[in-house]
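# Working through the structure, step by step
Below, each chain spelled out in residue letters.
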Amino acid sequence: MRSLAMRKQNYYLDGRCVFCRKSFTQAELTDEHIIPEAINGSLVIRHGSCKECATRSNQEYENQALNVDLKVPRVLLGLRGKSKGSGPRDARHMPEVFAGDSVMGGEGKRLDFPIEDYPKHFSLVQFSQAGLLVGIDRGATLVSPRVAFFNLGGNGLENVRTRVPFIIGPFAMMIAKIGYCYAMAEYGDDYFDATDIRALLMGTRDDVYNFVGNVENPERLSTRHLHGLYFRRRAEWLTVLVHLFASCHSQQGTNICNPYEVVVGRAL
Ligand SMILES: [Zn+2]
């Protein structure tokens, strides 16, 4: 059985919002899930974000990433997060399924499935290495994305393709937020210079692909838990590897989604 859980931990900051770093009373701060609860994230910064920042991150990227890019894995894996009743609602309006390989052009025969027979596979977009790690200004536009394919197996529908409407920018922003919040939770901002990635998350800069990419030469990472987070030092940078759906990676290595890597800042 693959694990759909990850380790649970509560973190406490200094009474300031993790994003804007302004001081608030405890009642004015809301819990910040480092990985969204809707994909079974269970690391929480208690009283981590002010309401304004929480609303901004939800509305500007996280909700879109969860409801579009991550909808299929959420439904197929039965990840419901805190709203226990959201399973059936999520199962409606799944992406269209086509026979054969011609989906990208909208050709091929459209197939209809009841949700329990829906093809058991999903895809995640993959990026080039983060611009800061390779000295290239990648800006806010994604060039040549790739797609990683996860086959959950079991119903013999490997030859059909789902037309997944990726909204790539918000997904990349969500990955940036995960890396930043994990670094803040584990180290606080005395350990790395968070100025630039915080500006990205506060919306005063938009060059997300300088901060977020995929690892080029992946190492073996644990597949015991649904998601894994790891720190790395790359020259002067502190980075966080964000290994989503790690437990869905197959033993045989046919499901390959290289971890995302977030440059959270210069290590101090
Ligand atoms: Zn705030």
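Here we summarise the structure given alongside this text.

Each value, and the rule that gives it
- Residues numbered from 1 in each chain as written.
- Predicted model: local features only at pLDDT ≥ 70, side-chain atom pairs only at ≥ 80, totals over all residues.
- Heavy atoms only, no water.
- Helix = DSSP H or I, 4+ residues; strand = E, 2+ residues; numbered from the N terminus.
- Buried < 20%, exposed > 50% of the residue type's maximum accessible area, 1.4 Å probe, protein only.
- Pairing = 2+ DSSP bridges.
- Phe/Tyr/Trp six-rings, centres within 6.5 Å; stacked < 30°, edge-to-face > 60°.
- Expected span 1.5 Å × (residues − 1).
- Donors = N, O, S within 2.8 Å, 3.2 Å for Na, K, Ca; no water.

## Digging into unusual backbone geometry
- A positive phi is found at Ser144, a non-glycine position, where the angle reads about 45°.
- On the secondary structure map, Ser144 appears in the loop between helix 4 (131-134) and strand 7 (146-151).
- In this structure, Phe245 is a non-glycine residue whose phi angle is positive, near 55°.
- The residue Phe245 is located in the loop between strand 12 (237-243) and strand 13 (260-267) in this model.
- The class for Phe245 is buried, based on a relative accessible area of 0%.

## With respect to the sheet that holds strand 5 (residues 110-111)
- The strand order across the open sheet formed by three strands is 5-4-8, and the pairing between neighbours is antiparallel. Since the sheet does not close on itself, it has two edges, and those belong to strand 5 and strand 8 (160-162), each with one partner.
- Pairing of strand 4 (residues 97-99) with strand 8 involves three bridges; the strand directions are antiparallel. Each residue of the ladder has a partner; that of Phe98, found in strand 8, is Arg161.

## Thoughts on the packing of aromatic side chains
- Per the stated rule, a full pass over the model turns up eleven aromatic pairs.
- When the centroid spacing of 5.8 Å and the interplanar angle of 55° are considered together, the rings of Phe127 and Tyr260 count as tilted. Taken together, the residues span a long stretch of sequence, with Phe127 in the loop between strand 6 (121-126) and helix 4 and Tyr260 in strand 13 at a distance of 133 residues.
- Classification of Tyr260 as buried rests on a relative accessible area of 1%.
- An aromatic cluster is defined as three or more aromatic residues linked by ring pairs; in this entry it consists of Phe127, Phe171, Tyr209 and Tyr260.

## Comments concerning helix 5 (residues 168-187)
- The terminal C-alpha atoms of helix 5 lie 29 Å apart, and with 20 residues this matches the ideal 28 Å at 1.5 Å per residue to within 8%.
- Positive phi shows up at Gly188, right after helix 5, with a value of about 70°.

## Remarks on the coordination of the zinc ion
- Every protein donor of the zinc ion is listed here as Cys17 (SG), Cys20 (SG), Cys50 (SG) and Cys53 (SG), and their distances to the metal cover 2.3 Å.
- Within one chain, the residues serving as donors to the zinc ion are arranged as C-x2-C-x29-C-x2-C. Of this pair, Cys17 sits in the loop between strand 1 (9-12) and strand 2 (29-33) while Cys50 is found in strand 3 (residues 43-50), placing the two residues 33 residues apart along the sequence. Per residue, the accessibility class of Cys17 equals that of Cys50, and both read buried.

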